[in-house]
Amino acid sequence: MSEKCWNNPKPKEWQAKDLSKGRVIDYKAFNFVDGEGVRNSLYVSGCMFHCKGCYNAATWSFNAGMPYSEELEEQIMTDLAQPYVQGLTLLGGEPFLNTNFLIPLIKRIRKELPKKDIWSWTGYTWEEMMGESEDKLEMLSLIDILVDGRFDITKKNLMLQFRGSSNQRIIDVQESLKSGQVVIWSKLNDGDQSFEQVSRDHLL
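Residues numbered from 1 in each chain as written. Predicted model: local features only at pLDDT ≥ 70, side-chain atom pairs only at ≥ 80, totals over all residues. Heavy atoms only, no water.

Taking an unreviewed UniProt entry as the reference, the protein chain is identified by name as Anaerobic ribonucleoside-triphosphate reductase-activating protein belonging to Streptococcus bovimastitidis. According to its UniProt record, the protein chain has this under Cofactor (unreviewed entry): "[4Fe-4S] cluster". (UniProt positions renumbered as here; feature names shortened; annotations may be inferred.)

Set out below in structure tokens:
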């Protein structure tokens, strides 16, 4: 029997309802590294991808960190309301395995602070996400920018914008959902590395 590859889940194999403990590793307000502009970043607990060379392996355990709380949510909303903050970034850990508390947070932001944008990182590729569970697709529909794909240490490139390896893409979620194919973020600025962002649909 071949060893199971935990890096490559079957469609709908990993579910937030089974895995998430409703916990977060960290919350960092007013930073410039997790996407465009000044951002607030929420690092959730738990990831099943376990990419070799992951810079944040401390987030892999779903039991790590602290419980997500009403107090933390109020702090996020207060910080996000500041006029110089562009938006919220969701990282981890795997945000799409923590939809149980992230979807209500995102919906609240959409209602109370509709001009703020929402970015999320994920180990899932866009193509995998299209075959995923309803909660993941609902959360995807509510965000603006998705950085997709596992970190691949063999494709590590420190020159890439907001990504660790060249297989990962910065995707305009709303435009991609409208067009039915991956649309890369229009502000991508990798210089000579921009060719790595070509949609895989165009390579088939």
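After presenting the structure, the write-up continues.
A.B. asks: How should I be thinking about the overall build of the protein chain in this particular structure?
C.D. replies: A tally of regular secondary structure across the protein chain gives six helices and seven strands. In sequence order, the protein chain lays out its α and β elements as α-β-β-β-α-β-α-β-α-α-β-β-α. Residues counted as buried form 50% of the 204 residues belonging to the protein chain. If you take every contact in the protein chain between residues at least 6 apart in sequence, the share linking residues at least 24 apart comes to 68%. Of the roughly 10300 Å² of accessible surface on the protein chain, a fraction of 55% belongs to carbon and sulfur atoms. (Helix = DSSP H or I, 4+ residues; strand = E, 2+ residues; numbered from the N terminus. Buried < 20%, exposed > 50% of the residue type's maximum accessible area, 1.4 Å probe, protein only. Contact = heavy atoms within 4.5 Å. Areas by Shrake-Rupley, 256 points an atom, 1.4 Å probe, with all protein chains shown as cover.)

A.B. asks: Please clarify how the packing of aromatic side chains should be interpreted in this entry.
C.D. replies: Aromatic rings in a pair are described by how distant their centres are and how their planes are angled relative to each other. According to the stated counting rule, one finds seven aromatic pairs in the structure shown. Measuring from ring centre to ring centre gives 5.1 Å for Phe-49 and Tyr-124, while their planes differ by 85 degrees; the resulting arrangement is edge-to-face. In this pair, Phe-49 is assigned in the loop between strand 2 (39-44) and strand 3 (66-67) and Tyr-124 in the loop between strand 5 (117-121) and helix 4 (126-129), connecting sequence segments 75 residues apart. Owing to a relative accessible area of 1%, Tyr-124 belongs among the buried residues under this scheme. By way of ring pairs, the aromatic residues Trp-14, Phe-49 and Tyr-124 are connected into one cluster. (Phe/Tyr/Trp six-rings, centres within 6.5 Å; stacked < 30°, edge-to-face > 60°.)

A.B. asks: Can you walk me through the sheet that holds strand 6 (residues 145-148) in this structure?
C.D. replies: Strand-to-strand pairing in sheets goes through backbone hydrogen bonds, with the strands running parallel or antiparallel. Strands sit in the order 3-1-2-4-5-6-7 across an open sheet of seven strands; the sheet is mixed. Each having just a single partner strand, strand 3 and strand 7 (169-172) make up the two edges of the open sheet. Across four bridges, the pairing between strand 4 (residues 87-91) and strand 5 is parallel. Bridging across to strand 5, Leu-88 finds its partner in Ile-118. Of the strands in this sheet, strand 1 (23-31), strand 2 and strand 4 touch helix 2 (residues 70-80), which is tilted by about 20 degrees from strand 1. (Pairing = 2+ DSSP bridges. Axes fitted to C-alpha atoms, helices over the stretch in contact; angles between N-to-C directions.)

A.B. asks: When you look at the pattern of salt bridges in this model, what are you seeing that I'm missing?
C.D. replies: A pair can form between side chains of opposite charge whenever their charged atoms are brought close. Within this structure, the stated rule accounts for 12 salt bridges. With a shortest N-O distance of 3.5 Å, Lys-17 and Asp-18 are connected by a salt bridge. The partner of Arg-39 in a salt bridge is Asp-117, and the shortest N-O contact between them spans 2.7 Å. With Arg-39 in strand 2 and Asp-117 in strand 5, this residue pair connects regions lying 78 residues apart in the sequence. We note that Arg-39, like Asp-117, is buried. Each of the salt bridges in this network shares a partner with another, and the network as a whole consists of Glu-73, Glu-74, Arg-108 and Glu-112. (Salt bridge = Lys/Arg side-chain N within 4 Å of Asp/Glu carboxyl O.)

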